[in-house]
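# A look at the structure
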Amino acid sequence: MADSTQPTSGVQTTQIETMPPRPRAPANSMPGGTAHTAGGEKVDGEGPSYIDAVRTLGPDYYLNFHKRPCVRDSQLQGLAAGFAGGSLAAIIGKPVLIASNWAVATWCGVSVVSYQVCQYYRSKEKAGIKQAQDLMEKKRANIEAKKEARRRQREEFDRQEEIRRKEEERRKTWGYWYEKNVKFW
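Keep in mind that what you see is a predicted model, and the values were worked out from it rather than measured. (Residues numbered from 1 in each chain as written. Predicted model: local features only at pLDDT ≥ 70, side-chain atom pairs only at ≥ 80, totals over all residues. Heavy atoms only, no water.)

### Considerations on the overall build of the chain
To keep things clear, this is the line we draw: Every helix listed is a DSSP run of H or I at least four residues long, and every strand listed is a run of E at least two residues long, numbered separately from the N terminus. Note on contacts: a residue pair is in contact if any heavy atoms of the two residues lie within 4.5 Å. The Shrake-Rupley method, run with a 1.4 Å probe sphere, supplies the accessible areas, and residue values consider only the shown protein chains as cover.
Within the chain one finds five helices and zero strands. In the chain, the succession of α and β elements from N to C terminus is α-α-α-α-α. By sequence separation, contacts in the chain at least 24 residues apart represent 50% of the contacts at least 6 residues apart. Of the roughly 16900 Å² of accessible surface on the chain, 60% is carried by carbon and sulfur atoms.

Listed below in structure tokens is the structure:
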């Protein structure tokens, strides 16, 4: 006789009562972390805010801002473009407030774009300098290796020359002549 829990078609079914209970928390969450690590849930007030980050930079960062590379040039270009944009708005016949907004918007836009372009070219230049330094180091190592090879070759030549000189001196002695020419047996 067939059992009522086992179907005769060959497909097994699972009774819900026999399944283990589902976990209440996600399995991939770490202690102290959030369940949604892919950005689904915000952290509750933890971590620094933008204001905290601005405060940590200190007054020297803001007082010496104009001394950083690319800032001065981008600000000068932005000022010129802002003057041109505000003047163009005034010539078109916009009210003073709108023309001022155009001037500030043009100044901000041109300054940011100019700064980013300058930074891009600086990074390219730094990469080129790094590549040139690496090339010079390889060339220096190559030159040092050639010098070392020449020094070893010179030492080997000097050693061979010393051996040859000693052999010449030995041949000039009476002992050499005696060993070579006088045979008793």
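### Re the confidence of the model for the chain
Definition in use: pLDDT measures the predictor's confidence residue by residue and takes values from 0 up to 100.
The pLDDT averaged across the chain works out to 82; a share of 78% of its residues lies at or above 70. For the chain, helix 5 (residues 174–181) is the element with the lowest average pLDDT, namely 71, and helix 3 (residues 71–92) is the one with the highest, namely 95.

### Remarks on helix 4 (residues 96–171)
Rules: Expected span of a helix: the number of residues minus one, times 1.5 Å. Residue burial is assigned from relative accessible area. The probe radius is 1.4 Å, only protein chains are included, and a residue is buried under 20% of its type maximum, exposed over 50%, and partly exposed in between.
With 76 residues, helix 4 extends 110 Å between its outermost C-alpha atoms, agreeing within 8% with the 112 Å of an ideal straight helix rising 1.5 Å per residue. Within the span of helix 4, buried status applies to Ala99, Ala103, Ser111 and Ser114. Against helix 3 lie the buried residues of helix 4.

### A closer look at the packing of aromatic side chains
Each aromatic ring pair is described using two quantities: the centre-to-centre distance and the angle formed by the ring planes. Basically, it comes down to this: Ring pairs are drawn from Phe, Tyr and Trp, using the six-membered ring of Trp, whenever the two centres fall within 6.5 Å, and their geometry is named by plane angle: stacked under 30 degrees, edge-to-face over 60, tilted for the rest.
Tallying each qualifying case throughout the model produces two aromatic pairs. Aromatic side chains Tyr61 and Tyr62 sit 5.1 Å apart centroid to centroid with 90° between the ring planes, which places their arrangement in the edge-to-face category. Exposure remark for Tyr61: the relative accessible area of 33% places this residue in the partly exposed category. Judged by centre distance (5.5 Å) and plane angle (65°), the rings of Tyr120 and Tyr121 are edge-to-face. Judged by its relative accessible area of 46%, Tyr120 falls in the partly exposed class.

### A closer look at a nonpolar patch on the surface
Definition in use: Residues enter patches when their relative accessible area tops 30% and they take part in no salt bridge; the joining distance is 9 Å for like charges and 5 Å for the nonpolar side chains Val, Leu, Ile, Met, Phe, Trp and Tyr. We define a salt bridge as a contact between a side-chain nitrogen of Lys or Arg and a carboxyl oxygen of Asp or Glu at a distance within 4 Å.
A grouping of Leu57, Tyr61, Tyr62 and Phe65 is seen on the molecular surface, where their side chains present a nonpolar patch of about 360 Å² in accessible area. Summarising the element assignment, Leu57 is placed in helix 1 (residues 50–57). The class for Leu57 is partly exposed, based on a relative accessible area of 43%.

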